[in-house]
Amino acid sequence: MKTLAVESSGKSCSVAVADNNIIIADIFLNNGLTHSQTLSTMIDFALISAKVDIRDIDLFAVANGPGSFTGVRIGVSNIKGLAQPLKTKCAPVSTLAAIAFNLIGINSYVCTALDARCSQFYYAIFKCDSDKAERLSPDSAGGFEEIINTVTNVLKPTDSIILAGDGAEKLFEFFNDSEFIAKLAPETLRLQRAAGVCKAATSMLKSEYCTADDLQPFYLRPPQAERNLKKGIDNK
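The rules behind these values
Residues numbered from 1 in each chain as written. Predicted model: local features only at pLDDT ≥ 70, side-chain atom pairs only at ≥ 80, totals over all residues. Heavy atoms only, no water. Helix = DSSP H or I, 4+ residues; strand = E, 2+ residues; numbered from the N terminus. Rg over C-alpha atoms; globule rule 2.2 N^0.38 Å. Buried < 20%, exposed > 50% of the residue type's maximum accessible area, 1.4 Å probe, protein only. Contact = heavy atoms within 4.5 Å. Areas by Shrake-Rupley, 256 points an atom, 1.4 Å probe, with all protein chains shown as cover. 1 Å grid on protein atoms, 1.4 Å probe; cavity = no way out; pocket = protein on both sides within 12 Å on 5 of 7 lines; lining within 4 Å. Points joined across faces, edges and corners; volume = space filled by probe spheres on them. Nonpolar A, V, L, I, M, F, W, Y, C, P; charged D, E, K, R; others polar. Phe/Tyr/Trp six-rings, centres within 6.5 Å; stacked < 30°, edge-to-face > 60°. Lys NZ or Arg CZ within 6 Å of the ring centre and 35° of its normal. Salt bridge = Lys/Arg side-chain N within 4 Å of Asp/Glu carboxyl O. Pairing = 2+ DSSP bridges. Axes fitted to C-alpha atoms, helices over the stretch in contact; angles between N-to-C directions.

Engineer: Looking at this structure, how should I read the overall build of the protein chain?
Structural biologist: Along the backbone of the protein chain there are eight helices and eleven strands. Against the 2.2 N^0.38 benchmark of 18 Å for 236 residues, the protein chain shows a C-alpha radius of gyration of 18 Å, consistent with a compact globule. Projecting the C-alpha coordinates of the protein chain onto the three principal axes gives extents of approximately 50 × 50 × 35 Å. A total of 236 residues make up the protein chain; the buried ones form 48% of that total. For the protein chain, restricting intrachain contacts to residue pairs at least 6 apart in sequence, the fraction spanning at least 24 positions comes to 65%. Working note: accessible area of the protein chain is about 11500 Å², and carbon and sulfur atoms make up 51% of it.

Engineer: How do you make sense of the layout of surface pockets when you look at a structure like this?
Structural biologist: Sizing a probe to match a water molecule and rolling it over the atoms shows the empty space that remains. Volume-wise, the second largest pocket comes out at about 300 Å³. Along the walls of the second largest pocket sit 16 residues, with Ser-94, Ala-97, Arg-135, Met-204 and Glu-208 positioned nearest its centre. Of all the elements in the fold, those that place two or more residues in the lining of the second largest pocket are β5 (89-93), α3 (95-101), β8 (133-135) and α7 (194-203). Residues that form the lining of the second largest pocket fall into these classes: ten nonpolar, four polar and two charged.

Engineer: Sorry if this is basic, but what is going on with α7 here?
Structural biologist: Each full turn of the α-helix corresponds to 3.6 residues, which orients residues three or four apart in the same direction. Burial analysis of α7 places seven of its ten residues in the buried class, the great majority of the element. Among all positions of α7, only Ala-194, Ala-195, Gly-196, Val-197, Cys-198, Ala-200 and Ala-201 are buried. Contacts from the buried residues of α7 go to β1 (2-7), β2 (13-19), β3 (22-29), β4 (59-63), β5 and α3.

Engineer: Can you help me understand the packing of aromatic side chains in this one?
Structural biologist: Both the distance between ring centres and the angle between the ring planes are used here to describe each pair of aromatic rings. For the coordinates displayed, the defined rule picks out four aromatic pairs. Residues Phe-121 and Phe-174 carry aromatic rings whose centres are separated by 6.3 Å and whose planes lie at 90° to one another, so their mutual orientation is edge-to-face. Of the two residues, Phe-121 is situated in strand β7 (residues 120-128) and Phe-174 in helix α5 (residues 168-175); the sequence distance between them amounts to 53 residues. The side chain of Lys-127 reaches across the aromatic face of Tyr-109, ending 5.6 Å from its centre. Geometry around Phe-28 places Arg-193 over its ring, the cationic atom sitting 4.2 Å from the centre.

Engineer: Please clarify how empty space enclosed by the protein should be interpreted in this entry.
Structural biologist: Enumeration according to the criterion identifies one cavity of 30 Å³ or more in this entry. Its volume calculated, the largest cavity comes out at about 30 Å³. Around the largest cavity sit Lys-11, Cys-13, Leu-29, Asn-30, Asn-31, Gly-32, Leu-33, His-35 and Thr-38, which together line it. For the lining of the largest cavity, the class distribution of residues is three nonpolar, five polar and one charged.

Engineer: Is there a simple way to think about the pattern of salt bridges in this case?
Structural biologist: Opposite charge on two side chains allows them to pair when their charged atoms are near. A full pass over the atoms with the stated rule returns eight salt bridges. For the salt bridge of Lys-132 with Asp-129, the shortest nitrogen-to-oxygen distance reads 2.7 Å. The closest approach of N and O atoms between Arg-135 and Asp-139, which form a salt bridge, is 2.8 Å. A relative accessible area of 16% means that Asp-139 is categorised as buried.

Engineer: Looking at this structure, I do not really get the sheet that holds β5. What am I missing?
Structural biologist: The sheet built from five strands is open, its strands ordered β3-β2-β1-β4-β5 with mixed pairing. Unpaired on one side and paired on the other, β3 and β5 mark the two borders of the sheet. Taking the axes of each pair of neighbouring strands and ignoring which way they run, one obtains an average angle of 15° across the sheet. Examined bridge by bridge, β4 and β5 share five bridges and lie parallel to one another. For Ala-61, the partnering residue across the bridge sits in β5 and is Ala-91. Its contacts with the sheet place helix α2 (residues 69-86) against β1, β4 and β5, and it is angled at close to 170° to β4.

Taken by themselves, the reported measurements are silent on function.
Structure below.
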């Protein structure tokens, strides 16, 4: 099975192509350009590099959230546009789960965390081993106290936990004052990557796949502009 995956939920952007769960192309950018400028070109380059025709793709996968509202929408829109004409199945992958799948083989508890600003995070806890990332908590949004409460329900104080995702470094500062031993994931595996989306997608049940029409972003919280509107704050 050939899979094409897109990850654009944060500042970095990546595309990967896998053949029978083996990554054969992995394109990653973290240069500050907007995803609308780079993603289509990256998809084309990944397919050319992998020597795979778009019509040969059996599954389109995308990190559909949580994450940057604009970034998630761009990724989902690109995958919908590719899959719809071909009637190809899509895999909506949790951004937080995809990060954990990057750390398969490390054999550790992992907290994947995205910076939601104002000392808030999107986060989830996983147990990674040699071939899978087992989910131990749902995707959630909250501050450090909520994260510690979740970790306390899963780990013993003597357990160590690896922090990954674009919120990992900021979260690591908070963990210094806790009883838990926290470590940062290796720099090359810390940020969101499409390779993890590929691995997570191929581990899903076929019943969890969807059509391009049904593929939608997943947001734990409404956009800031919408929250401001409810509070009566001018978004201009």
